[in-house]
Amino acid sequence: MLRSPGTITREGVREVIHDLLSHILVKNGFNFERFEPNPSPDINQVHVRRTVDALIDDSSELFTNLGDQLHMTSENIQVIFLGISDEIFVTGINWGRIVAFLAFGGSVAVHCANNSQLWPFLDDIPEWMTEYVETNLRDWIEAHGSWAGFVTFFKQPGADNFFPNELDFKNWSLFALAGFSIGALLMFASKQIQ
């Protein structure tokens, strides 16, 4: 089936997500054979990596040890993952919240890599994320230019490249975190644990 330029395929979503999670795991010192970043990433993968890295770096207090703060275990990890994903978008979808969702998924992957009891879930995380995008975000992403729209949205005005050394977080970091406060996440997790 031929798709128009603004459409995304499930495999394309999975490739972007798998590359991002692989990149985040390697950046955090983990080397899993099944999680190797694309050595020749396309423009979308490069900009997803850079944007998510920037959010995680700018909000490290939120993303560091997030899995521990949420008390993720083998019994509740998928419920917490899906519940928090829903919380990120509870008041709507925008590119900033999509970045927050991707960063959250990366944080969950790092938590699993740090906890040998959760290693089996490393393969599930890209599937959960892909399914979430397909089910809940695909129409919005396509309506906003697909991954090319993502790249364009985060381009710095007047910049030749998309990411000069420093990103201006004032415009989008708060935008991303608007639906992603640690208080809301911890409240959700505490409801699930009880």
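See the structure shown above.
Residues numbered from 1 in each chain as written. Predicted model: local features only at pLDDT ≥ 70, side-chain atom pairs only at ≥ 80, totals over all residues. Heavy atoms only, no water.

Engineer: For this particular structure, what's the right way to read the packing of helix H1 (residues 10–27) against helix H6 (residues 95–114)?
Structural biologist: Relative orientation and spacing of two packed helices are given, respectively, by the angle between their axes and the distance between those axes. Two elements in contact, H1 and H6, have axes whose closest approach is 9 Å; the angle formed by their N-to-C orientations is 50 degrees. For the element pair H1 / H6, the angle class is oblique. Considering how the two elements wind past one another, H1 and H6 form a crossing that is right-handed. Along its contact with H1, which presents Ile17, Leu20, Leu21, Ile24 and Leu25, the element H6 presents Leu102, Gly105, Gly106, Ala109, Val110 and Ala113. When grouped by side-chain class, the residues that make up the contact of H1 with H6 number nine nonpolar, two polar and no charged. (Axes fitted to C-alpha atoms, helices over the stretch in contact; angles between N-to-C directions. Helix = DSSP H or I, 4+ residues; strand = E, 2+ residues; numbered from the N terminus. Parallel < 35°, antiparallel > 145°, perpendicular 65-115°, else oblique. Left-handed = near helix turned anticlockwise from the far one by under 90°. Contact = heavy atoms within 4.5 Å. Nonpolar A, V, L, I, M, F, W, Y, C, P; charged D, E, K, R; others polar.)

Engineer: Help me understand the nonpolar core in this model?
Structural biologist: Within soluble globular proteins, side chains that are nonpolar tend to cluster in buried spots. One finds Val52, Phe101, Leu102, Phe104 and Ile141 to be the most contacted residues of the largest nonpolar core, which totals 53 residues. When contributions to this core are tallied by element, the ones reaching two or more residues are H1, helix H2 (43–58), helix H3 (60–63), helix H5 (77–88), H6, helix H7 (124–143) and helix H8 (146–153). (Core = buried A, V, L, I, M, F, W, Y, C linked by side-chain atoms within 4.5 Å. Buried < 20%, exposed > 50% of the residue type's maximum accessible area, 1.4 Å probe, protein only.)

Engineer: Please clarify how unusual backbone geometry should be interpreted in this entry.
Structural biologist: Note: most peptide bonds trans; most residues except glycine with negative phi. The backbone phi angle of histidine 71 is positive, close to 55 degrees, even though this residue is not glycine. Tracing the backbone shows histidine 71 in the loop between helix H4 (66–69) and H5. Positive phi is not limited to glycine here, since serine 146 has a value of about 60 degrees. For serine 146, the position within the fold is in helix H8.

Engineer: Mind showing me how you'd approach the packing of aromatic side chains here?
Structural biologist: The description of two aromatic rings rests on the distance between their centres and on the angle between their planes. The full count for this structure, using the stated rule, is twelve aromatic pairs. Seen in terms of ring centroids, phenylalanine 89 and phenylalanine 101 are 6.0 Å apart; in terms of plane orientation they differ by 55 degrees. Their pairing is tilted. Note that phenylalanine 89 is positioned in the loop between H5 and H6 and phenylalanine 101 in helix H6, a separation of twelve residues in sequence. There is no split in this pair, since phenylalanine 89 and phenylalanine 101 are both buried. For the pair tryptophan 95 and tryptophan 140, a centre-to-centre distance of 4.9 Å together with 75 degrees between the ring planes defines the contact as edge-to-face. Residue tryptophan 95 is located in helix H6, and its partner tryptophan 140 is located in helix H7; the two are separated by 45 residues in the primary sequence. For the residue pair tryptophan 95 and tryptophan 140, the accessibility class agrees, reading buried in each case. Put simply, the rings of Phe81, Phe89, Phe101, Phe104, Phe121, Trp128 and Tyr132 pair up and form one aromatic cluster. (Phe/Tyr/Trp six-rings, centres within 6.5 Å; stacked < 30°, edge-to-face > 60°.)

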